[in-house]
Amino acid sequence: MTMNHFLLALSVVLSIPVQGQATVRGTVFVDRNGDGIQQPAERGLAGVAVSNQAAVVVTDSLGHFELPRGPNHIIFASTPDNYRSVGSFWRDVGDSLNT
């Protein structure tokens with residue numbers, strides 16, 4: 001039995017408001033060419049668990065998620081069956097505006 005493996009990538013953007021907690025927004029997507037950058041033809045992946053090590057959310061129908069930055073400034077996505085991560089499955093969102 002042959003199993004197809006699809007590439008999974010995680011992109012995040014950190015928003016730091018004037019007051020309040022920083023928010024991380026991002027997308028988990030099927031990275032068909034393996035470059036880690038979402039192309040127009042590369043669809044988001046729904047139902048993927050994403051965590052900041054304090055809370056867990058699930059990506060929406062377009063692969064989008066939103067979380068507070070979290071205590072350790074790390075965001076990670078669980079890798080679903082039949083997928084493998086392109087690069088690291090986690091991102092350090094410390095003080096960076098784009099990761």
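Residues numbered from 1 in each chain as written. Predicted model: local features only at pLDDT ≥ 70, side-chain atom pairs only at ≥ 80, totals over all residues. Heavy atoms only, no water.

A. Quick look at the nonpolar core. Val12, Val28, Val50, Phe65 and Ile75 are the most contacted members of the largest nonpolar core, which totals 14 residues. If you list the elements that add at least two residues to this core, you get strand S1 (6–15), strand S2 (23–30), strand S5 (64–68) and strand S6 (74–77). Top contributing element to this core by residue count: S2, with 3 residues. (Core = buried A, V, L, I, M, F, W, Y, C linked by side-chain atoms within 4.5 Å. Buried < 20%, exposed > 50% of the residue type's maximum accessible area, 1.4 Å probe, protein only. Helix = DSSP H or I, 4+ residues; strand = E, 2+ residues; numbered from the N terminus.)

B. Geometry of the environment of Leu10. Tracing the backbone shows Leu10 in strand S1. Note on Leu10: relative accessible area 5%, which makes it buried. For Leu10 and Gly44, which are 34 residues apart along the polypeptide, the C-alpha to C-alpha distance reads 9.8 Å.

C. View of the sheet that holds strand S3 (residues 49–51). With antiparallel pairing, 4 strands are arranged side by side in an open sheet as S4-S3-S6-S8. Across the chains shown, the open sheet's two edge strands, defined by having one partner strand only, are strand S4 (56–58) and strand S8 (90–92). This sheet shows a mean twist of 20 degrees between the axes of neighbouring strands, independent of strand direction. (Pairing = 2+ DSSP bridges. Axes fitted to C-alpha atoms, helices over the stretch in contact; angles between N-to-C directions.)

D. Structural view of unusual backbone geometry. Even without being a glycine, His73 presents a positive backbone phi close to 60 degrees. Assignment of secondary structure puts His73 in the loop between S5 and S6. His73 gets classed as partly exposed once you look at its relative accessible area, which sits at 26%.

E. Geometry of the pairing of S6. The pairing of S3 with S6 spans 2 bridges and is antiparallel. When the bridges of S6 are listed, Val50 appears paired with Ala77. Inspection of the sheet shows S6 paired to S8 by 3 bridges, in the antiparallel sense. Opposite Ile75, over in S8, you have Arg91 as the bridge partner.

F. Expanded view of the side chain of Arg91. Along the polypeptide, Arg91 turns up in strand S8. In this structure, Arg91 is buried with no salt-bridge partner, the nearest side chain bearing the opposite charge being Asp31 at 7.9 Å. From its side chain, Arg91 meets the backbone oxygen of Ser88 in a polar contact 2.6 Å long. (Lys, Arg positive; Asp, Glu negative; His and termini not counted. Salt bridge = Lys/Arg side-chain N within 4 Å of Asp/Glu carboxyl O. Polar contact = N/O pair within 3.5 Å; in protein donor to acceptor, adjacent residues only side chain to side chain.)

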